[in-house]
Every structure is written in C-alpha cells, then in structure tokens.
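Structural overview for review
Chain by chain, the residues run as shown.
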Amino acid sequence: MGLHALFTLGSRLQLCASMVRKNVKLADIGTDHAYLPIWLAKKGIISNAIAADIRQGPLEKARDNIQRYHVQDAVTARLSDGLNKISPNEADDIVIAGMGGEMIIKIIENAKWLKDSNKRLILQPMTSVPELRKYLAENGFALLKEQAVIDENHAYTLISTYYNPELIKTDEFYEYIGMLNPKKQADHEYLSHVLINLGKKARGMEISGKNREAQKLYNIIDNIKSKM
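Parameters and conventions
- Residues numbered from 1 in each chain as written.
- Predicted model: local features only at pLDDT ≥ 70, side-chain atom pairs only at ≥ 80, totals over all residues.
- Heavy atoms only, no water.
- Axes fitted to C-alpha atoms, helices over the stretch in contact; angles between N-to-C directions.
- Helix = DSSP H or I, 4+ residues; strand = E, 2+ residues; numbered from the N terminus.
- Parallel < 35°, antiparallel > 145°, perpendicular 65-115°, else oblique.
- Left-handed = near helix turned anticlockwise from the far one by under 90°.
- Contact = heavy atoms within 4.5 Å.
- Nonpolar A, V, L, I, M, F, W, Y, C, P; charged D, E, K, R; others polar.
- Buried < 20%, exposed > 50% of the residue type's maximum accessible area, 1.4 Å probe, protein only.
- Pairing = 2+ DSSP bridges.
- Right-handed = clockwise from strand over helix to strand, strands pointing away.
- Core = buried A, V, L, I, M, F, W, Y, C linked by side-chain atoms within 4.5 Å.
- Salt bridge = Lys/Arg side-chain N within 4 Å of Asp/Glu carboxyl O.
- Phe/Tyr/Trp six-rings, centres within 6.5 Å; stacked < 30°, edge-to-face > 60°.

With that out of the way, let us pick up the packing of helix α7 (residues 185–207) against helix α8 (residues 211–227). α8 packs onto α7 with a crossing angle of 160° between their chain directions and a minimal axis gap of 8 Å. Taken as axis vectors, α7 and α8 run roughly antiparallel relative to one another. Considering the relative orientation of α7 and α8, their crossing is left-handed. On α8, the residues touching L195, L198, G199, K201, A202, R203, M205 and E206 of α7 are N211, E213, A214, L217, Y218, I220, I221, I224 and K225. A breakdown of the residues in the contact of α7 with α8 according to their chemical character gives ten nonpolar, two polar and five charged.

Here is the structure:
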C-alpha cells in the first residue's frame, strides 16, 4: 500500500486536536472515520489512540483509514458503546465530539473512572449545551477552556474539562455562556445563536402563561447582550 498525503482537519476537529495534550493515550468516542486520532498520530502528538464507535459501518471505514495512513501501531479501532469497552488505563484524554449533549452526559455518567483529575475530557456537543455545562458543574467537572469555532458556516463550542470540584465557579449565566468570551469573533457568533434560541424559548413561556420564567430568561438575554 502506497503512501498517502495527510489530510487537513476541518476547523472543528482542528480545535479538538489543539486541546489534546502531548504524548497521551487518546480515546476518540464516536470516531466515525478516525480522522482525528490518525492526524494526531501522524503528527506525533499522541502516544497511541483508540478510535471507538458504536456503529460497525463507520468503524470499518476507520480501520481502512488506519491502514491507509500506516498508523496501525498507534491507532486501534474498537466497537464500543461510549466508554464501556475502554478501561481507565487506556485513555488519558477523551474526545467526545459530534453528538448531542444528552448523549455526552450519558457516556460520562457511565464511566465513573473519569472522576480523576489526571484525565481530560474534550467535548463538542451538537445540542443541549446548557444542560451539559450544568451537569459537569454539578458532578465536579471544572472547565479548563471553552472556545467556539466556525466550520462550514456553523458555529460550534468546544469544552475542555476535568474533575476538580474545588475549581468550579458558577453563576446564573454559567450554563448559557460557560467560559466563552463574547469579544472573540467565533464566540460572539456562537452566542448570537444562543440568544436567538433563548428568545424563542422565552416567547414560548409567555404564550404558555409562564411569565415569571419568561422574564428570568429575558433578564439572562439582556445580561449576555451587555457582555457582547
């Protein structure tokens, strides 16, 4: 099999890659075609990786790509429902990207060994982001970094977090803003979408007669706007 030029990661996966520590063991959950662990292995950033997926089809594509880019010694494809088939000593940094926030919560909840300050979680939720931030805070996971990115005209937020209950600091805006900086362009664009969704939710509450809850959301919206 001949050599293949290494592909370029999209903006979303590139930001994921930038949050992975050097010389760690990686678990990429929901790996799809294993692009992230392959890229990190080829760049010499990680020591080894497990590319995990619950679906057999994408996992076969992952295996093909692992062979195509000659990283069989560093990257292993594995059928796994979340982290169920991965042991604590096999992963230092865990990437869970491209799925809903509720699913990410379920995966974390089912892997109690993640409550270890030496582990790092890199999360990219597609939905239910406030619920995810709230869950992390309530379960002892402090945010190390959060940053938004624009990829193919969509805004995503990425969270780097680890277990350290003593470092958690929250307020009434935490679950909506996290550690995003409204002054940064990508963060600003992402938060603009958050405001639109909060506005829709508040108007729905008004229609349902939940005026007190609606007013609380409007106050949150005004506060976020004041930071932008």
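Here the narrative resumes, following the displayed structure.
Before going further, it helps to examine the pairing of strand β5 (residues 120–125). By the criterion of burial, β5 is predominantly enclosed, with six of the six residues buried. Side chains of β5 alternate between two faces, with R120, I122 and Q124 and L121, L123 and P125 buried alike. Here strand β4 (residues 93–99) runs beside β5; their pairing, made up of six bridges, is parallel. Each bridged residue has a counterpart across the sheet, and for M99 the counterpart in β5 is P125. Handedness of the β4-helix α4 (residues 101–109)-β5 crossover: right-handed. In terms of strand pairing, β5 meets strand β7 (residues 154–163) through three bridges, oriented antiparallel. Within the sheet, the bridge partner assigned to L123 lies in β7 and is I159.

Of all hydrophobic cores here, the largest spans 33 residues; its most connected members are V20, L40, I46, V75 and V95. Sorting the residues of this core by element identifies α1 (11–18), α2 (35–42), β2 (48–53), α3 (56–68), β3 (75–79), β4 and β7 as the ones contributing at least two each. Broken down by element, the residue count for this core peaks at five residues, all from α2. Setting aside residues up to four positions removed in sequence, V75 forms contacts with P37, I38, A41, A49, A51 and I66. Counting residues in hydrophobic clusters, the runner-up holds 27 residues, among them A91, I108, W113 and A137.

Moving on: the pattern of salt bridges. The full count for this structure, using the stated rule, is seven salt bridges. Among the salt bridges present, the one from D32 reaches R55, with a minimum N-O distance of 3.9 Å. Residue D32 is located in the loop between β1 (25–29) and α2, and its partner R55 is located in the loop between β2 and α3; the two are separated by 23 residues in the primary sequence. Taking the relative accessible area as the measure of exposure, D32 reaches 33% and is therefore partly exposed. Look at R55 and you get partly exposed, because its relative accessible area is 44%. The partner of R55 in a salt bridge is D53, and the shortest N-O contact between them spans 3.2 Å. By relative accessible area, which is 2% here, D53 ends up buried. One continuous salt-bridge network, built from bridges that share partners, spans D32, D53 and R55.

A few words now on the packing of aromatic side chains. Tallying each qualifying case throughout the model produces three aromatic pairs. With a centroid separation of 5.6 Å and 70° between ring planes, the pair formed by F141 and Y163 is classed as edge-to-face. One end of the pair, F141, is in strand β6 (residues 141–151); the other, Y163, is in strand β7, and 22 residues separate them in sequence. Taking the relative accessible area as the measure of exposure, F141 reaches 1% and is therefore buried.

Relative to each other, α1 and α2 sit at 55°, their axes nearing to 10 Å. For the element pair α1 / α2, the angle class is oblique. As α1 runs across α2, the sense of the crossing is right-handed. Contacts from L13, Q14, C16 and A17 in α1 reach Y35, L36, W39 and L40 in α2. Classifying every residue of the contact of α1 with α2 gives seven nonpolar, one polar and no charged.

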